[in-house]
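In case you want the letters, here they are:
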Amino acid sequence: MDVIVSQLFTGASTGAVLLLVALGLALTFGQMGVINMAHGEFLMAGAYTAYLTQQAVSNSDVSLLIALPLGFLVAGMLGLLLEMTVISRMYHRPLDTLLVTFGVGLILQQVARDVFGAQPKAVASPTWLHGQLDLLGYGYPVTRLFIVTIAVGCLAGTAAVLKYTALGRRIRATVQNRDLAETVGVSTRGTDRVTFFLGSGLAGVAGVALTLVTATVSNLGTSYIVPAFLVVVAGGIGQIKGSVIAAFALGIVGAFLTYYTSGSLATVLTFVLVVAFLQIRPQGLFTVRTRSLA
Amino acid sequence: MKRFSTLPALNLIGIAALAVALLVLAPAVLDDFRLGNLAKYCCYAMVAVGIGLAWGRGGMLVLGQGMFFGLGAYVMAFHLKLEAAGPDAIPDFMMLYGNGTMPAWWEPFRSGAFTLFMVVALPATVSTLLGLAVFKRRIKGAYFAILSQALAVAFATLIISQIEVTGGFNGLSAFTSFFGYSLYDPINQRMIFFITAGLLVAMLLVAFQLYRSRFGELLIATRDAEERVRFLGHDPANIKLVAFVIAAVMAGIGGAMFVPIVGIVSPLDIDEVASIGLIAGVALGGRATLLGPAIGALAVGYAKTSLSETFPGSWTYFQGALFVLVILFLPGGLAQLPSYLGRLRPARKQKQVPALQAEGAA
Amino acid sequence: MNAQLDYVEIRDLTVEFDGFVAVDSVDLTLLQGRVHFLIGPNGAGKTTLVDAVTGLANASGLVRYGSTDLLGLKPHQVVRAGVGRTFQTATVFEQLTVLQNLDIAGGVHRKARSMMRARRGIPSYVEEALDAVGLVDLRDRPAGVLAHGQKQWLEIGMLLVQDAKVMLLDEPVAGMSAEEREETGELLRRIGTERTIAVIEHDMDFVRTFADVVTVMHAGKVLTEGTVAEIQANQKVQEVYLGRTVEGATHA
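Every value quoted in this text rests on a predicted model; they were computed, and no experiment measured them.

### What to know about helix α4 (residues 94-116) of chain A
Here is step 1 of the chain: If you check α4 of chain A, its first and last C-alpha atoms are 32 Å apart, about what 23 residues at 1.5 Å a residue would give, namely 33 Å.
Here is step 2 of the chain: Where α4 of chain A terminates, the next one or two residues include Gly 117 of chain A, which has phi positive at roughly 85 degrees.

### Here we look at the sheet that holds strand β3 (residues 35-39) of chain C
In sheet architecture, strand pairing relies on hydrogen bonds along the backbone and comes in two forms, parallel and antiparallel.
All names here are of chain C.
Here is step 1 of the chain: Spatial ordering of the open sheet is given by β6-β7-β8-β3-β9-β10, a layout of six strands whose pairing is mixed. Only two strands of the sheet have a single neighbouring strand rather than two, namely β6 (83-85) and β10 (221-226). Sheet twist, expressed as the average angle between the axes of neighbouring strands with direction ignored, equals 20 degrees.
Here is step 2 of the chain: Strand direction decides the pairing type here: β6 and strand β7 (residues 166-170), joined by three bridges, are parallel. Within β7, the position partnered with Val 83 by the bridge is Val 166.
Here is step 3 of the chain: Each of β3, β6, β7, β8 (196-200) and β9 (213-218) touches helix α1 (residues 46-53); the most contacted strand, β7, lies at about 145 degrees to it.

### Here's the deal with the sheet that holds strand β2 (residues 20-31) of chain C
Residues and elements named next belong to chain C.
Here is step 1 of the chain: Pairing is antiparallel in the open sheet, where four strands are placed in the order β2-β1-β4-β5. In this open sheet, the two edge strands, each paired with only one partner strand, are β2 and β5 (68-69).
Here is step 2 of the chain: Bridging between strand β1 (residues 7-17) and β2 involves eight bridges; their strand directions are antiparallel. Of the residues in β2, the one forming a bridge with Val 8 is Leu 30.
Here is step 3 of the chain: Lying on the sheet, α1 is in contact with β1, β2 and β4 (60-65); it crosses β2 at an angle near 70 degrees.

### Description of the interface of chain B and chain A
Here is step 1 of the chain: Counting residues at the interface gives 38 residues for chain B and 34 residues for chain A.
Here is step 2 of the chain: Of all the secondary-structure elements, those providing two or more residues to the side of chain B that touches chain A are α6 (141-161), α12 (272-285) and α14 (314-329) of chain B.
Here is step 3 of the chain: No other element matches α6 of chain B, which puts 15 residues into the side of chain B that touches chain A.

### Examining unusual backbone geometry
All names here are of chain B.
Here is step 1 of the chain: A positive phi angle, close to 60 degrees, is found at Arg 138, a residue other than glycine.
Here is step 2 of the chain: Positive phi is not limited to glycine here, since Phe 179 has a value of about 50 degrees.
Here is step 3 of the chain: Locating Phe 179 in the fold gives a position in the loop between β2 (177-178) and β3 (181-182).
Here is step 4 of the chain: With 13 C-beta atoms counted inside 10 Å, the residue Phe 179 sits in the partly exposed group.

### What about the environment of Leu 95 of chain A?
Residues and elements named next belong to chain A.
Here is step 1 of the chain: Among the secondary structure elements, Leu 95 is positioned in helix α4.
Here is step 2 of the chain: Judged by local crowding, Leu 95 falls into the partly exposed class, with 18 C-beta atoms found within 10 Å.
Here is step 3 of the chain: Sequence separation between Leu 95 and Tyr 164 is 69 residues, and the spatial gap between their C-alpha atoms is 32 Å.

### What about the UniProt feature "transmembrane region" (unreviewed entry) in chain A?
All names here are of chain A.
Here is step 1 of the chain: UniProt records the feature "transmembrane region" (unreviewed entry) for residues 6-27, 64-82, 94-112, 142-162, 196-218, 224-250 and 257-280 in the present numbering.
Here is step 2 of the chain: Its end C-alpha atoms 31 Å apart, residues 6-27 is made of 100% helix and 0% strand.
Here is step 3 of the chain: Between the first and last C-alpha atoms of residues 64-82 the distance is 26 Å; the span itself is 100% helix and 0% strand.

Each value, and the rule that gives it
- Residues numbered from 1 in each chain as written.
- Chains lettered and ligands numbered in written order.
- Predicted model: local features only at pLDDT ≥ 70, side-chain atom pairs only at ≥ 80, totals over all residues.
- Helix = DSSP H or I, 4+ residues; strand = E, 2+ residues; numbered from the N terminus.
- Expected span 1.5 Å × (residues − 1).
- Pairing = 2+ DSSP bridges.
- Axes fitted to C-alpha atoms, helices over the stretch in contact; angles between N-to-C directions.
- Contact = placed C-beta atoms within 7 Å.
- Buried ≥ 20, exposed ≤ 12 C-beta atoms within 10 Å, placed from the backbone.
- UniProt positions renumbered as here; feature names shortened; annotations may be inferred.

Encoded structure:
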């Protein structure tokens, strides 16, 4: 029983991290169809933002709170820049976008190595995140709970933006029918930019959050990018809720597999499970059905 | 632009020229060290020929070729470790990482014939199973690319974790001989170069025949209009599967030759970053052309060595810039350059266009 | 001679998308030797009907050709059963030449081994198809440069090479000049004697000139079936469809 609860919690917190990373992808890949491999480097940018913020504001209790919006802004601006210079030229070539953004990611990593060095940088976590919270007889690390909170907060924010704001309507309209959106006066170019800004910004937030559980290095993003893409693929394109379920499912399944086998074998088995799942639902959990051939 | 028209003669001349350059010129002018490097690039070029087939012709962006490369490489490394250990003895690293006993499934790799068989059979089997699972369910495009990449991650993770049989993160090294020929003898290293270059030329000939065959046409048709191919009575999954498996086998053979040449194989040679790195040369040379992928891979391999020698770190910038610039501005690769430049001089072409349209209206 | 004529039998065919019934228990028989037209306003379910027959849309009911039940077959299996189709927007392989397009369509009947060989010479059936659709002069052009009408002909040519005994053509003369329509119609008549042909069409002039049988669909159901004269005299048809011929004509 103890094992089940503790692994459920471990899985949920891994799932929360996955969700944080995948949420931005759900916007840029899921809504816009852009495969941005540099998304991982936006995570890294968020993490280094947290590091730099702490250098500037030595009080670790407040630096994290400053770093969260700052990380969003830094990664968001990077994303905006990428969209305007590169991605906007290749909306009709999704696979090529993958390769170009991979190249951008390589360059960003090397820049980070040249600027910050190859050594990992540690970011001190605030004192108010130390310790454990006792709930129902179990102790949970507060940092993990905080990450879950951030993930849920970002999710709620993203969902609210998509559902209730004029911007969200524009995004959905653009996704569903680009030409039609254009003819009814939606600036699809503007919408693309804002969507990309938001999606990349979320990566920045995720990056800041990651500093609580891992050291900051230039290749921080590489270990998260592929699982995050798997989450979006398994969840189904165009539906945020699919990514949410997939993230937590992968996190929890991974936690149990890790417990019963080993971390690396769990990675392999998780991949096998995703492929097996796609046998049943090739388009992921949720799909937008159309009757057209394309 | 006659990119896809069959120009068999020209392609054959190209293969012949490359064969002469590799098998005659290079051994004459390069020292042993450089020739060894060239042999390594040839291994990458073999993978590249396969990527050209799967991606350039078949539209499947294979981001996990490192796995098939790795299957071939590790199979070969198993054999070479056993050869180094000597008859009835077990490889040194098993003493180090394991409990000093060798798993029974390692035993057959003592046989050279079995090893050579597995170099082909293992990538072929794995790619067939994977291809069936993926293509039959019509997983394609971005989904396929991401899955293939995840595959490379999973495989590299698996290799690292199974340290008692794979050497873990450090990989397998310290080989002494290759099918009985000492690896310390420069003459034998030259022989390995000739085998590798010969294999590359052979693969180009295979690709040449595939591209001019009806299958090659069907593959392009599948790439450009997969759904339409169904209405010709073909299951596109089968067409893609054939290309995918051939590409995997080419990668496996490249990996197998890589091991005696470089003297080590580790997860870093086969993981997702290495896999996507293999794409760079293909994109540079021209993904859909016959010779482009191989020549591009040779060039990128050379660039990597020279840049890493002179300015460490600059290679990463170069590789990143290569992806961005080539894919963004020259998606057809360098092979596209002549026709691209040709378009800048429109004087002659313009005459043909109205003629075409006039005929079209008739 | 031909004691038994070929036919396609469709019984109680129903296609549903998320609760919306696009095709509603349709009965239809397509007979060899007659050029059969399917007409009806937009959204009547004509294309969906063809999609269902060719394995693109899930459907219930019965579609029988010869001894084969076509429902539940995958698209390529339907083709192998002898049923071919074209699409509203002509889809040919733009990078391949006209000849390669036609040749590739013959692949169904080839052995796997011959697939790995290059083409040597032009097979006679490809030559015949090329001739039938009148693209002999353009055979070495990439299909991408063909005019719209020529692409439609090329598609029909591909069906000929494919040796489709049943041809389902979705608006083959859309966007063609009057002259091209005339030629297309003649072509359909010529090849129609040995085949079962159904054509979805909006252009009433074309229907009047070349239809042997016309089926009118409306809101997923078959409204009526008959000769052109019978259809034109039908009160119901005039209400739902012929009353809007102007719109129908401009749509085409």
